[in-house]
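Chain and residue survey
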Amino acid sequence: MKSDFSENFLVKDAVDISKLDTEYKGELTKADGKNLLEQEKIKLRELQEKLYADGSKSLLIVLQAMDAAGKDSLIEHVFSGVNPQGCEVTSFKTPSEKEYSHDFLWRHYMALPAKGKIGIFNRSHYESVLVCKVHPEYNLNEKVWKSKDEFDNKFWDNRYESIRNFEKHLAENGTTIIKIFLNISKKEQKKRLLDRIEEKDKNWKFSAGDLPERALWNNYMTVYEKAINETSKDHAPWFVIPGDDKWFARVAAVQIIIDALEDMNLKFPKLSENDLKALENARQQLESE
């Protein structure tokens, strides 16, 4: 049975982001939420072990959000208990010259989790229909065959289609995909950016480029909404989680991830009769030493 978080935050129909909550309004307290997170992290570790032992499937978690939404801290708190050998985080920055010389999905394909593992994309292939749509001049670095003036609706529709096909291909080949958008308010982002300026141990997190991007808030909300509505599918669903309360976002995310792992129907390998006999022989040999 899926948790309420998976049901409540799943994008089933077209969404209007401006009408979705950024604050948690339920009855769970922050203290209870932190305790619940610790309990769920134990369950996540157990499911990760089963995923690794099963070895036939993988899990890809895509995290997207505006600056200061808490993606890094969510990864830190939710995955602090998993075996690092079975989990890999990839943070996608500005593409290199080599990456620009390939199609926009190439570098993401190279970072996909192997079977038996969890892969986390901190930002992802969606940047090519988010920041690149807000700043279409960035696409020229990709050596695309169009001029800046030709980034029309058809160009973007083709990109959405490429993403849908990419994710469908992954799903059909054993990768479960869940995509999480941390939905914070502009007011909360302002508070967190000010914290980065005022607290010395957070100064390093602040970038001068944060403010020009913040000025484009409405543009970003438009492209996020379009991308989510174009690409939320049964095999690669989007979940929009209220992000103003970090503790709640972490609890919701871990339960959505656990639901996805449980739906994979993972099993520990079953040993053959010969393997069982070999184990028994090994036991007897060790005990006779």
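In short, a report on the structure. Because the structure is predicted, anything quoted here is derived from the model rather than measured.

What follows concerns the sheet that holds strand 5 (residues 238-242). On the basis of which strands lie adjacent, the open sheet formed by five strands has the order 2-3-1-4-5 and parallel pairing. Two strands in the sheet have a free side with no partner beyond their single neighbour: strand 2 (87-91) and strand 5. Ignoring which end each strand starts from, the neighbouring axes of this sheet average 20 degrees apart. Strands in contact with helix 11 (residues 246-263) are strand 1 (58-65), strand 4 (175-183) and strand 5; relative to strand 5, the strand with the most contacts, it is inclined by about 155 degrees.

What follows concerns the packing of helix 3 (residues 71-78) against helix 11. Relative to each other, helix 3 and helix 11 sit at 60 degrees, their axes nearing to 10 Å. Relative to helix 11, helix 3 is oriented oblique. Once helix 3 is placed against helix 11, the crossing between them reads as right-handed. From helix 3, Ser73, Leu74, His77 and Val78 reach across to helix 11, where they touch Lys246, Ala249, Arg250, Ala253, Val254 and Ile257. Of the residues belonging to the contact of helix 3 with helix 11, the class tally is six nonpolar, two polar and two charged.

Turning our eyes to something else, we now look at the packing of aromatic side chains. Inspection of the entire model under this criterion finds 11 aromatic pairs. Between Phe5 and Phe248 the ring centres are 5.5 Å apart and the planes differ by 55 degrees, which places this aromatic pair in the tilted class. One end of the pair, Phe5, is in helix 1 (residues 4-9); the other, Phe248, is in helix 11, and 243 residues separate them in sequence. Classification of Phe5 by relative accessible area gives buried; the value is 14%. With a centroid separation of 4.0 Å and an interplanar angle of 15 degrees, the aromatic rings of Tyr24 and Phe248 are classed as stacked.

Within the fold, Phe239 resides in strand 5. For the pair Phe239 and Thr175, spaced 64 residues apart in the sequence, the C-alpha separation amounts to 17 Å. Ignoring sequence-local partners within four residues, the contact set of Phe239 consists of Ser6, Phe9, Leu10, Ile178, Lys179, Ile180, Phe181 and Ile256.

Scanning the model with the defined rule gives 16 salt bridges in all. A salt bridge links Glu99 to Arg107; its shortest N-O distance comes to 3.6 Å. Two residues, Glu188 and Arg192, come together in a salt bridge whose shortest N-O distance is 2.8 Å. Of the two residues, Glu188 and Arg192 are both situated in helix 8 (residues 186-198); the distance of four residues between them amounts to about one turn of the helix.

Cut-off values and rules
Residues numbered from 1 in each chain as written. Predicted model: local features only at pLDDT ≥ 70, side-chain atom pairs only at ≥ 80, totals over all residues. Heavy atoms only, no water. Pairing = 2+ DSSP bridges. Helix = DSSP H or I, 4+ residues; strand = E, 2+ residues; numbered from the N terminus. Axes fitted to C-alpha atoms, helices over the stretch in contact; angles between N-to-C directions. Contact = heavy atoms within 4.5 Å. Parallel < 35°, antiparallel > 145°, perpendicular 65-115°, else oblique. Left-handed = near helix turned anticlockwise from the far one by under 90°. Nonpolar A, V, L, I, M, F, W, Y, C, P; charged D, E, K, R; others polar. Phe/Tyr/Trp six-rings, centres within 6.5 Å; stacked < 30°, edge-to-face > 60°. Buried < 20%, exposed > 50% of the residue type's maximum accessible area, 1.4 Å probe, protein only. Salt bridge = Lys/Arg side-chain N within 4 Å of Asp/Glu carboxyl O.

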